[in-house]
Amino acid sequence: MEGNAANYLKDTNAITKNKKTISDKYKDIFISYFGYLSNGFTVYESIRKFTIDKKFENTDKVIIPFYGIMFRMADQIGTMLQHGYIDAALRLWRSLYEHSIVLLVFLKHYEDLDLFDRFSDHQYRSRQKRTMSFGKNFEALKWKPLDETILDDLDTKIKEINDRYGKEFLESEYGWAHALLPEKKKVTLRELEEHVGLNRFRPFYILTAEYVHPTYTSIDHFIEDNALYISRIVSQGFTFSSLIDPLQFTIGILDEVNIIFLEEYSSEEESPINYLIFRRVYERMMDEIGKMDNSDDKNLI
């Protein structure tokens, strides 16, 4: 344990030093990035205070929490980048992107008061899958079986949902959105992506899959000049080129949301000003990125 304590202190000091190196090197870029997020948290807090003791409309029950979740993820992405964990930032971005698509669907169909009910009922798809998996594996895990009343209640709810929407509702990952796109045989994330106009971001979404799924490209990122640098796999690392995409695509997605979100949740006369504040900070960050050159594209750590 004495050795573990010494290693912990050594690693903590190294992590702190690495973060300072990265944060100082790209200080102006991070100031704009986290400044954008700070504005988002301010908006979220204002809405939270405004909605105290007020009844939410159905779609608000998803839109407002998802807005906060997205800025939370963006904050985590920035923190991972400051620490040199590029792959973690890209994995988080993939989840952020999927949340943004669903959030924009709700903003686009704000007046559809049944949308939340369908979205809420669709959670029983994952509940059913978790329960079935638990039933097959609880003995191997040496856990207690689920109470029969829980299973009976779930079966009753599943039957009720199937009667209401049809069996295909829970069979599809995005069954809750089928009523929005009735011309589609099966709604997928790609269809929703096109529906809200985010399909131009798909190339980056596909790229992030390389960091999420166990394919050869998971290894390929650590190959340089036909040599595999095994030590890099478990160490922090950072290059300027790896900073650009996660930052600009994160703010880019948040900006797409803010265009519609601020219009919906601001007064008519304040909406353009509120969005302009965000946009100017975004542009400032891109200006700072543009000032960097290839000489900065080297591993700092």
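Below you will find a few notes about this structure. Worth saying up front: this structure is predicted, and the values here are computed from it rather than measured.

1. Focus: the nonpolar core
Part 1: Among the nonpolar cores identified, the biggest contains 69 residues, and Trp176, Leu192 and Phe261 are the most heavily contacted of them.
Part 2: Broken down by element, this core gets its largest block of residues, 13 residues, from helix α4 (residues 86-108).
Part 3: In this structure, Trp176 is in contact with Val102, Val105, Phe106, Leu115, Arg118, Phe119, His122, Phe169 and Leu192, ignoring residues within four places of it in sequence.

2. Let's talk about the packing of aromatic side chains
Part 1: Scanning all chains against the criterion turns up 25 aromatic pairs.
Part 2: Their ring planes at 10° and their centres at 5.1 Å tell us that Trp93 and Tyr97 sit as a pair that is stacked. Placement of both Trp93 and Tyr97 in helix α4 is noted, with a separation of four residues, approximately one turn of the helix. The burial state of Trp93 is the same as that of Tyr97; both residues are buried.
Part 3: An aromatic cluster of at least three residues, connected via ring pairs, comprises Tyr36, Phe41, Tyr67, Phe71, Tyr110, Phe261, Tyr265, Phe278 and Tyr282.
Part 4: Positioned over the ring face of Tyr124 is Arg127, at 4.8 Å from the centre of the ring.

3. Observations concerning the side chain of Gln82
Part 1: Locating Gln82 in the fold gives a position in helix α3 (residues 60-82).
Part 2: Assessed through its relative accessible area of 12%, Gln82 is described here as buried.
Part 3: Among residues more than four places away in sequence, those in contact with Gln82 are Asn18, Lys19, Ile22, Ser23, Phe30 and Phe34.

4. Regarding the packing of helix α2 (residues 27-50) against α3
Part 1: With their axes 10 Å apart at the nearest point, α2 and α3 run at an angle of 155° to one another. By the criterion of interaxial angle, the relationship of α2 to α3 is roughly antiparallel. For the crossing formed where α2 meets α3, the hand is left-handed.
Part 2: Each residue belonging to the contact of α2 with α3 can be placed in one class, and the counts come to 16 nonpolar, five polar and two charged.

5. Section: the side chain of Ser100
Part 1: Within the element layout of this structure, Ser100 appears in helix α4.
Part 2: Residue classification places Ser100 among the buried residues on the basis of a relative accessible area of 0%.
Part 3: Only 2.6 Å separates the side chain of Ser100 from the backbone oxygen of Tyr97, close enough to count as a polar contact.
Part 4: With near-sequence residues (within four places) excluded, Ser100 lies in contact with Met70, Leu198, Ile253 and Val257.

6. A word on the environment of Glu224
Part 1: Among the structural elements, Glu224 can be located in strand β1 (residues 223-224).
Part 2: What makes Glu224 partly exposed here is its relative accessible area of 37%.
Part 3: Taking the C-alpha atoms as reference points, Glu224 and Pro203, separated by 21 residues in sequence, lie 23 Å from one another.
Part 4: Look past the residues within four positions of Glu224 in its chain and what remains in contact with it is Tyr229 and Arg232.

7. Focus on unusual backbone geometry
Part 1: Phi angles above zero are rare outside glycine, and Asp53 is one such case at about 65°.
Part 2: When you line up the elements, Asp53 lands in the loop between α2 and α3.
Part 3: With a phi angle near 60°, Lys142 is a residue other than glycine that sits in the positive phi range.
Part 4: Position of Lys142 relative to the elements: it lies in the loop between α6 (123-137) and α7 (148-165).
Part 5: Residue Lys142 is classed as exposed on the basis of its relative accessible area, which comes to 77%.

Definitions and limits used
Here the residue numbers are simple positions, counted from 1 along each chain's written sequence. A pLDDT threshold of at least 70 governs which residues receive local features in this predicted model, and a stricter bar of 80 or more applies before side-chain atom pairs are shown or counted, although totals over entire chains, interfaces and linings include all residues. Side-chain numbers here rest on the full set of heavy atoms in the structure, without hydrogens or water. Side-chain atoms within 4.5 Å link the members of a nonpolar core, which is a set of buried Ala, Val, Leu, Ile, Met, Phe, Trp, Tyr and Cys residues. Between buried and exposed lies partly exposed: a residue is buried under 20% and exposed over 50% of the maximum accessible area for its type, with that area taken using a 1.4 Å probe on protein chains only. Only runs of H or I of at least four residues qualify as helices and only runs of E of at least two qualify as strands under DSSP, and these elements are numbered from the N terminus. Contacts between residues were defined by any pair of non-hydrogen atoms, one from each residue, lying within 4.5 Å. Under the pairing criterion, centres of Phe, Tyr and Trp rings, with the six-membered ring standing for Trp, must be within 6.5 Å; the plane angle then separates stacked pairs below 30 degrees from edge-to-face pairs above 60, leaving the rest tilted. The rule is short: NZ of Lys or CZ of Arg within 6 Å of the ring centre and within 35 degrees of the ring normal puts a charge over the ring. Axis lines are fitted through C-alpha atoms, for helices just across the contact stretch, and the angle between N-to-C directions can take any value from 0 to 180 degrees. Roughly parallel means an angle under 35 degrees; roughly antiparallel, over 145; roughly perpendicular, 65 to 115; everything else is oblique. Handedness of a crossing is defined here by the sense of rotation of the near helix relative to the far one, left-handed for an anticlockwise turn of less than a right angle and right-handed for a clockwise turn. When residues are grouped by polarity, Ala, Val, Leu, Ile, Met, Phe, Trp, Tyr, Cys and Pro land in nonpolar, Asp, Glu, Lys and Arg in charged, and all others, Gly among them, in polar. Here a polar contact is taken to be a pair of N or O atoms separated by no more than 3.5 Å, where protein atoms must pair a possible hydrogen donor with a possible acceptor and residues adjacent in sequence count only if both atoms sit in side chains.

Shape is all these values report; function is a separate question.
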